[in-house]
Amino acid sequence: MNKSELYTYIDANADRFTAVSDAIWEYAELSLQEYRSADCYEKALKDAGFAVTRGLAGIDTAVIGTFGSGHPVIGILGEYIGRIYDEVKQRPLYIEDKK
């Protein structure tokens, strides 16, 4: 797949990618308890033709998707910190008075 074909694929599937992103944002699960998010990723990967393995290094919510063989090998690590940050930044600042 060349760069032009890749861009076409991404554009054609933008709604699907956005739906996965929006769903995970709404789940707002705690660390190592992202079961709904992991299920969502697993389904999206399987729907796209990936072979999916759950659990890595003893982490139940880790999801591995593989497709094809050989090169290139691409890895993506997803972290769920955005929603937590959004919640925390709304808290008032506490300033300690050192008198």
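Residues numbered from 1 in each chain as written. Predicted model: local features only at pLDDT ≥ 70, side-chain atom pairs only at ≥ 80, totals over all residues. Heavy atoms only, no water.

**Q** With reference to specific residues and values, describe the overall build of the protein chain.
**A** If you tally the helices and strands in the protein chain, you get four helices and two strands. Ordered by position from N to C terminus, the α and β elements of the protein chain give α-α-α-β-β-α. Put simply, the protein chain has 99 residues, and 12% of those count as buried. Restricting to contacts in the protein chain with at least 6 residues of sequence separation, those with at least 24 account for 29%. (Helix = DSSP H or I, 4+ residues; strand = E, 2+ residues; numbered from the N terminus. Buried < 20%, exposed > 50% of the residue type's maximum accessible area, 1.4 Å probe, protein only. Contact = heavy atoms within 4.5 Å.)

**Q** Any chance you could break down the layout of surface pockets for me, citing the residues and the numbers?
**A** In this model, the largest pocket occupies a volume close to 1,900 Å³. Taken together, 43 residues line the largest pocket, and the ones lying closest to its centre are L45, F50, G65, I74 and I76. Breaking the lining of the largest pocket down by element, the ones donating at least two residues are α1 (3-12), α2 (14-27), α3 (35-47) and β2 (59-66). If one sorts the elements of the lining of the largest pocket by residue count, β2 sits on top with seven residues. Tallied by class, residues from the lining of the largest pocket come to 28 nonpolar, 11 polar and four charged. (1 Å grid on protein atoms, 1.4 Å probe; cavity = no way out; pocket = protein on both sides within 12 Å on 5 of 7 lines; lining within 4 Å. Points joined across faces, edges and corners; volume = space filled by probe spheres on them. Nonpolar A, V, L, I, M, F, W, Y, C, P; charged D, E, K, R; others polar.)

**Q** Please set out the pairing of β2 residue by residue, giving values where relevant.
**A** Sheet topology places strand β1 (residues 51-56) next to β2; five bridges connect them, and they run antiparallel. Along β2, the bridge assignment pairs L56 with I59. Counting the residues between successive antiparallel strands, the hairpin from β1 to β2 contains two residues, one of them, A57, with a positive phi of roughly 55°. (Pairing = 2+ DSSP bridges.)

**Q** Requested: an account of the pattern of salt bridges, with residues and values cited.
**A** On inspection of all chains with the given rule, the structure shows four salt bridges. For K46, the salt bridge identified is with E42, shortest N-O distance 3.0 Å. Residue K46 and its partner E42 are located together in helix α3, separated by four residues, close to a single helical turn. Of the residues examined, K46 reaches a relative accessible area of 45% and is grouped as partly exposed. The partner of D47 in a salt bridge is K43, and the shortest N-O contact between them spans 2.7 Å. Pair noted here: D47 and K43 are both in helix α3, with a separation of four residues, about one helical turn. (Salt bridge = Lys/Arg side-chain N within 4 Å of Asp/Glu carboxyl O.)

**Q** So, α3: which residues are in play, and what are the values?
**A** With 13 residues, α3 ought to run about 18 Å at 1.5 Å a step, and its terminal C-alpha atoms sit 18 Å apart, in line with that. For α3, the complete set of buried residues consists of S37, A38, C40, E42 and A44. Next to the buried residues of α3 lie α2, β1 and β2. G49 lies just past α3 and shows a positive phi near 95°. (Expected span 1.5 Å × (residues − 1).)

Spatial relationships are all this shows, so hold off on functional conclusions.
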